[in-house]
Amino acid sequence: MRALFAALLALCLAASACAMEPQGDTSAHDPTLLIQGERWFVFTTGKGLQRLESTDAGKTWRRLAPVFSEPPAWWLDAVPEHKGLDVWAPKLFAHRGRIWALYSISTFGKNRSAIGLVSSDKADGAEWRDEGLVVQSRAEDNFNAIDPDLFADTDGKLWLSYGSFWGGIRLTELSADTLRPTGETKFIASRKGGIEAPTIARRGDWVYLFASYDLCCRGAASSYNIRVGRARSVQGPYLDRDGKDMMDAGGTPLLSGGTRWKGPGHQDVVGDWLVHHAYDSERGGKPHLRIKRLSWSDDGWPVIPSQED
């Protein structure tokens, strides 16, 4: 494994193949990525649901107007303590000729939360249609309905994963027609020390669950890190490289903080590209967009040789 890692690292350093240094307006927290040729879009946590656009395949970014200019009426009923246009942790995806974004509304440290849905005819569009409530959680529930991810499997089925702390990460199938849950909802990962922000991706016969562990949102003191497990089925069980189930706090480390960039996490995976935020200790601990290209070991595990510096 050390020889493989060294070879991958040499390749990355020689060709700048494993990471890029985004330029322009890169302020971002909880990024999600949509790739349309040379045009890349990143939606992020922030007032009204923040949007970034790159026209040179992720190298340079500019900020677009937010999705929401006023809150949908149902927000207040779903999360009475939610304030203003504070929108968290979106998931951006294309489906049946439209662009969709799942997103979260909540209040920090509480699980009275909701996942909503909005759609448009294009990612940089000015008109977005409120598609309503998808999932919600209440104080008496053992889960937190934030941090949604949408996974489209090769058989055409759609799966929603979500969760933050409490009982962990949950999974349910979505109807391709209504984009609403259908059938059983189950936990697929759990950890007392903190787990959230799932991302599910397939590579060959394996389905991978990426998740963020420990603590975000503390600037340069954040301990966030990204870990991964895999399964033969989207429904799990997801095991790490040592065979430990992610329901028992398993997870193979993939990316952790370095000298400058702290607390990397809340990842999204599109093909071999992984986007995430990290806190810049040289710029007041503010969160910024980071982009990595995944490599893969001979036995099928994702590797990021170019770790945060």
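See above for the structure.
Position numbers for residues start from 1 in each chain and track the written sequence from start to end. Given that the model is predicted, a residue must reach a pLDDT of at least 70 before its local features are reported, and side-chain atom pairs must reach 80 or more before they are shown or counted; all residues, however, enter totals for whole chains, interfaces and linings. In computing side-chain properties, one takes all heavy atoms of the structure into account and sets aside hydrogens as well as water.

A. Expanded view of the pairing of strand S3 (residues 32-36). Two strands qualify as a pair provided that DSSP identifies no fewer than 2 bridges between them. Secondary structure elements follow DSSP: runs of H or I no shorter than four residues count as helices, runs of E no shorter than two count as strands, and numbering proceeds from the N terminus. Relative to strand S4 (residues 39-44), S3 is paired through 5 bridges, and the arrangement is antiparallel. Counted as the bridge partner of Gln36 is Arg39 from S4. In textbook terms, the turn of a hairpin is the stretch between consecutive antiparallel strands, and for S3 and S4 this stretch comprises 2 residues, one of which, Gly37, has a positive phi near 65°.

B. Region of the structure containing the state of the cysteines. Two cysteine sulfur atoms form a disulfide, by the criterion used here, when they sit within 2.5 Å. If you walk through the whole model with that rule in mind, you get 1 disulfide. A disulfide bridge connects Cys216 with Cys217, and the sulfur atoms are separated by 2.2 Å. Its S-S torsion of approximately -65° makes the covalent link between Cys216 and Cys217 left-handed.

C. Spatial organisation of the environment of Leu171. Tracing the chain through its elements places Leu171 in strand S14 (residues 169-174). It is 9.5 Å that separates the C-alpha atoms of Leu171 and Asp149, two residues lying 22 residues apart in sequence. Discounting residues that sit within four places of it in the chain, Leu171 has contacts with Trp159, Leu160, Ser161, Glu184, Thr185, Lys186, Ile188, Ile200, Val234 and Gln235. Two residues qualify as a contact provided that any one of their heavy atoms is within 4.5 Å of a heavy atom in the partner residue.

D. Local environment of the environment of Gly284. Inspection of the secondary structure assignment puts Gly284 in the loop between strand S21 (273-280) and strand S22 (286-293). Categorising residues by exposure relies on relative accessible area from a 1.4 Å probe, with only protein chains included: less than 20% of the type maximum marks a residue as buried, more than 50% marks it as exposed, and the intermediate range marks it as partly exposed. For Gly284, a relative accessible area of 68% puts it in the exposed group. Residues Gly284 and Gly219 lie 65 residues apart in sequence; the distance between their C-alpha atoms is 7.6 Å.

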